[in-house]
Amino acid sequence: MFVETSVSRISKYNEELCGDNVEIVETEDSKIIVLSDGLGSGVKANILSTLTTKIASRLLEKGIPLEEVVDTITNTLPVCKERQLAYSTLSILQIFNDGRAYLVEIDNPDSFFIDSKGNISKIETKKRRVGDKEVREARFQLKNNEMIMLISDGVTHAGVGGLLNFGLGWDGIAEHFERIISKYQSSNKFAEELIEVCNAYYCMEPGDDTTTVIAYFREERELTLFSGPPKNIDKDKEVVDKLISKSGKRVIAGGTSAQIVARELDEELEVSLLYHDPEIPPTSRLDGVDLVTEGLLTLNKTVERLKNVSCQEDLPKQRDGATELARLLLESDSINMLIGKKINPAHQSLRLPENMAIRKQIIKRLVDCLKEKGKKVTIEWF
Amino acid sequence: MGIKIKICIGTPCHLMGSQNLIEAVQEFNKKIETDIEVEAVNCLDKCKGAPAVKIDDEVYAPARPKDLIDLIKEQLR
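Since the structure is predicted, the reported quantities are computational estimates derived from the model, not experimental observations.

S.K.: I keep staring at the overall build of chain A and nothing clicks. Help me out?
M.R.: Assigned secondary structure in chain A consists of 12 helices and 18 strands. Along the three orthogonal principal directions, the C-alpha set of chain A runs to about 70 × 45 × 40 Å. Taking all 382 residues of chain A together, 54% fall into the buried category. Long-range contacts, defined here as pairs at least 24 residues apart, represent 68% of the contacts in chain A between residues at least 6 apart. With the model as given, the accessible surface of chain A reaches about 18,000 Å², and the carbon-plus-sulfur share is 46%. Both charge centroids of chain A, one from 51 positive and one from 62 negative side chains, sit 3 Å from each other.

Here is the structure:
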């Protein structure tokens, strides 16, 4: 199972730095998400919340008990000269690969539980005291396609000083969030849209740092991409076997590569002329493969598409090869690449810029871009 | 007598305007009642002679749509 995490935030109006901070740490068997809201706003708040999230995530990662974590934080934070306080809020969510979840909240608004049908509810927590802090704690089991959303109080206060007297509140946020999740698919978009709503209630001048983190517990989505013929023709069968044996989506980028797969599988490869785009050659159809595109130009355009968006919902509406490939890549968590090293001499004579024409360069740019988006990428060269 | 045309849409052929060739043949097919079978293919293995077009068993490199139509007209004669 996989935990997809998305963060979206806006800083208080006229502040360059956000006083909320989020830290996500992956351990061998779990993901730990820490959200903290530092006292005040700007630099001071940013330092407090960054220290809080860093200390908490590192200590929890090493298995230090919560009591010690809270104690360490309260004793380490620098004291505010004006208020004589060292203060920041804290929410910690740890989700294990088998769905067990552990939630701790200190002075942050209640987190949201969203079931697989999109129904939102509060998580039942038990209160206890750790030092001078009141801690709300819960242990529960998550099922496939369920989500948890952590927020800073800027979210529930959305509208104060703007459209509302007392802010949207927990129920108001839940109502907006239900509408958002019925419209989109990725947690990135959910988080972005919710922060947009808050910003709108603040009349685009947020009265506080506003942050939301979503943890989406679901099956891991895999994709295997085959591009470029192997250097040695003897390897053709091996690559095709690997492509076909992998679970998840299968994509081929490259005309010759597609012909190799069609030949090895004894399937018909058919070009589909569904669109005319001077920049992106047509796609093809091949049984057992989810998408077949041209190689060089499509991959270059795919990188461009990926760089311009943060989630699949923001991609252009057209269904060309590059957009479709970018969509499949954005929807996936783990991407296996099977890349051939054979050089097509005809490509070298096209006089394209080096970083566009050399497969290794394009793949490097694609991998960098995917890793930046939090994807797990593995490459096998043939 | 009908003819079979395969137009390559591989990278070099695409850059050399194979999509325009496809459109030109489709248009031509609509105008004149001929029996032309057009198919786009992934590679004709003639990358150096892009855009590659196979008419029946012969491979050509028509630089412009007009050149391809002229070739077809010649074949139909």
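S.K.: Looking at this structure, how should I read the pattern of salt bridges?
M.R.: Two side chains of opposite charge can pair, provided their charged atoms sit close to one another. All names here are of chain A. Applying the stated criterion to the full structure yields 28 salt bridges over all chains. As a salt-bridge pair, Lys189 and Glu193 come within 3.7 Å of each other at their nearest N and O atoms. Here Lys189 pairs with Glu193, and both are found in helix α5 (residues 187–201), just four residues apart, close to one helical turn. A salt bridge links Lys301 to Glu304, with the shortest nitrogen-to-oxygen separation between them at 3.0 Å. Of this pair, Lys301 and Glu304 both sit in helix α8 (residues 296–308), three residues apart, which is roughly one turn of that helix. Of the residues examined, Lys301 reaches a relative accessible area of 12% and is grouped as buried. Assessed through its relative accessible area of 40%, Glu304 is described here as partly exposed. Linked by salt bridges that have partners in common, Glu23, Lys54, Arg58 and Glu61 make up one network.

S.K.: Hey, could you run me through the interface of chain B and chain A in this one?
M.R.: One widely used convention gives an interface's size as the accessible area the parts lose upon coming together. On the side of chain A, 22 residues touch chain B, which itself brings 16 residues to the contact. For the chain B and chain A pair, buried surface summed over both sides reaches about 1,600 Å², with 64% attributable to carbon and sulfur atoms. It is B:Thr11, B:Gln19 and B:Asn42 in chain B that bury the most area against chain A; as a group they hold 36% of the surface buried on that side. At the boundary of chain B with chain A, the tally comes to zero salt bridges. At the surface where chain B touches chain A, the tally comes to six residue pairs in polar contact (both at pLDDT 80 or more). Broken down by secondary-structure element, the contributors of at least two residues to the side of chain B that touches chain A are α1 (11–15), α2 (18–31) and β2 (36–41) of chain B. Here the element with the most residues in the side of chain B that touches chain A is α2(B); it accounts for five residues. Taken together, the residues that form the side of chain B that touches chain A break down as eight nonpolar, six polar and two charged.

S.K.: I'm lost on the sheet that holds strand β2 (residues 20–26) of chain A in this one. Help?
M.R.: Strand pairing within a sheet occurs via backbone hydrogen bonds; the two strands may be parallel or antiparallel. Residues and elements named next belong to chain A. The strand order β2-β3-β4-β5-β9-β8 describes an open sheet built from six strands, whose pairing is antiparallel. The open sheet has two free edges, formed respectively by β2 and β8 (126–130), since each of these has just one partner strand. For this sheet, the mean inter-axis angle between neighbouring strands, taken without regard to orientation, is 15 degrees. Pairing between strand β5 (residues 100–106) and strand β9 (residues 133–141): six bridges, direction antiparallel. Considered in β9, the bridge of Tyr102 is made with Arg139.

S.K.: Just checking my understanding: could you explain the packing of aromatic side chains for this structure?
M.R.: Ring pairs (aromatic) are described by centroid distance and by the angle formed between their planes. Residues and elements named next belong to chain A. Summed over all chains, the structure comprises two aromatic pairs over all chains. Measuring from ring centre to ring centre gives 4.2 Å for Phe112 and Trp170, while their planes differ by 5 degrees; the resulting arrangement is stacked. Of the two residues, Phe112 is situated in strand β6 (residues 112–114) and Trp170 in helix α4 (residues 169–183); the sequence distance between them amounts to 58 residues. Looking at Arg100, its charged tip hangs above the ring of Phe96, at a distance of 4.3 Å from the centre.

S.K.: What's the story with a negative patch on the surface in this structure? I'm lost.
M.R.: Taken together, the side chains of A:Asp266, A:Glu267, A:Glu268, A:Asp287, B:Asp35, B:Glu37 and B:Glu39 present a region of like negative charge at the surface. Of note, B:Glu39 is situated in strand β2. On the accessibility criterion, B:Glu39 (37% relative accessible area) is partly exposed.

S.K.: How should I be thinking about the environment of A:Ser152 in this particular structure?
M.R.: Residue and element names in this part refer to chain A. Following the sequence through the fold, Ser152 ends up in the loop between β10 (146–151) and α3 (153–156). If we skip the residues at most four places from it in the chain, Ser152 touches Asp20, Leu35, Asp37, Asn108, Pro109, Asp209, Thr210 and Thr211. For Ser152, the side chain forms a polar contact with the side chain of Asp20, separated by 2.8 Å.

S.K.: Please clarify how the pairing of β10(A) should be interpreted in this entry.
M.R.: Residues and elements named next belong to chain A. Within β10, six of the six residues are buried, which leaves it mostly tucked inside the rest of the structure. Note: β6 against β10, three bridges, orientation antiparallel. Each bridged residue has a counterpart across the sheet, and for Phe113 the counterpart in β10 is Ile148.

S.K.: For this particular structure, what's the right way to read the confidence of the model for chain B?
M.R.: Any region with low pLDDT has predicted coordinates that should not be read closely. Averaged over all residues, the pLDDT of chain B equals 88, while 99% of them reach at least 70. Predicted complex, confidence summary: ipTM 0.85, pTM 0.84.

S.K.: Where do I start with the domain arrangement of chain A in this structure?
M.R.: Residues and elements named next belong to chain A. Taken domain by domain, chain A consists of domain 1 (2–218) and domain 2 (222–381). In this structure, domain 1 and domain 2 have C-alpha centres spaced 37 Å apart. Across the boundary between the two partners, domain 1 contributes eight residues, which contact six residues of domain 2. In this assembly, domain 1 packs against domain 2 so that about 640 Å² is buried in total across both faces, 41% of it on carbon and sulfur atoms.

S.K.: For this particular structure, what's the right way to read the state of the cysteines?
M.R.: Chemically, a disulfide is nothing more than a covalent bond linking the sulfur atoms of two cysteines. Residues and elements named next belong to chain B. Following the criterion strictly, the structure yields zero disulfides over all chains and no others. Of all cysteine sulfurs in the structure, the one in Cys8 sits closest to Cys13, which takes part in no disulfide; the separation is 3.6 Å. Relative accessible area serves as the criterion here: at 2%, Cys13 is assigned to the buried category. Looking at the unpaired Cys47, the closest cysteine sulfur is the one in Cys43, lying at 4.1 Å.

Rules used throughout
Residues numbered from 1 in each chain as written. Chains lettered and ligands numbered in written order. Predicted model: local features only at pLDDT ≥ 70, side-chain atom pairs only at ≥ 80, totals over all residues. Heavy atoms only, no water. Helix = DSSP H or I, 4+ residues; strand = E, 2+ residues; numbered from the N terminus. Buried < 20%, exposed > 50% of the residue type's maximum accessible area, 1.4 Å probe, protein only. Contact = heavy atoms within 4.5 Å. Areas by Shrake-Rupley, 256 points an atom, 1.4 Å probe, with all protein chains shown as cover. Lys, Arg positive; Asp, Glu negative; His and termini not counted. Charge placed at Lys NZ, Arg CZ, Asp CG, Glu CD. Salt bridge = Lys/Arg side-chain N within 4 Å of Asp/Glu carboxyl O. Buried area = accessible area lost by both parts, 1.4 Å probe. Polar contact = N/O pair within 3.5 Å; in protein donor to acceptor, adjacent residues only side chain to side chain. Nonpolar A, V, L, I, M, F, W, Y, C, P; charged D, E, K, R; others polar. Pairing = 2+ DSSP bridges. Axes fitted to C-alpha atoms, helices over the stretch in contact; angles between N-to-C directions. Phe/Tyr/Trp six-rings, centres within 6.5 Å; stacked < 30°, edge-to-face > 60°. Lys NZ or Arg CZ within 6 Å of the ring centre and 35° of its normal. Patch = residues over 30% accessible without salt bridge, like charges linked within 9 Å, V, L, I, M, F, W, Y side chains within 5 Å. pLDDT = per-residue confidence, 0-100. Domains from an automatic or database assignment. Disulfide = S-S within 2.5 Å.

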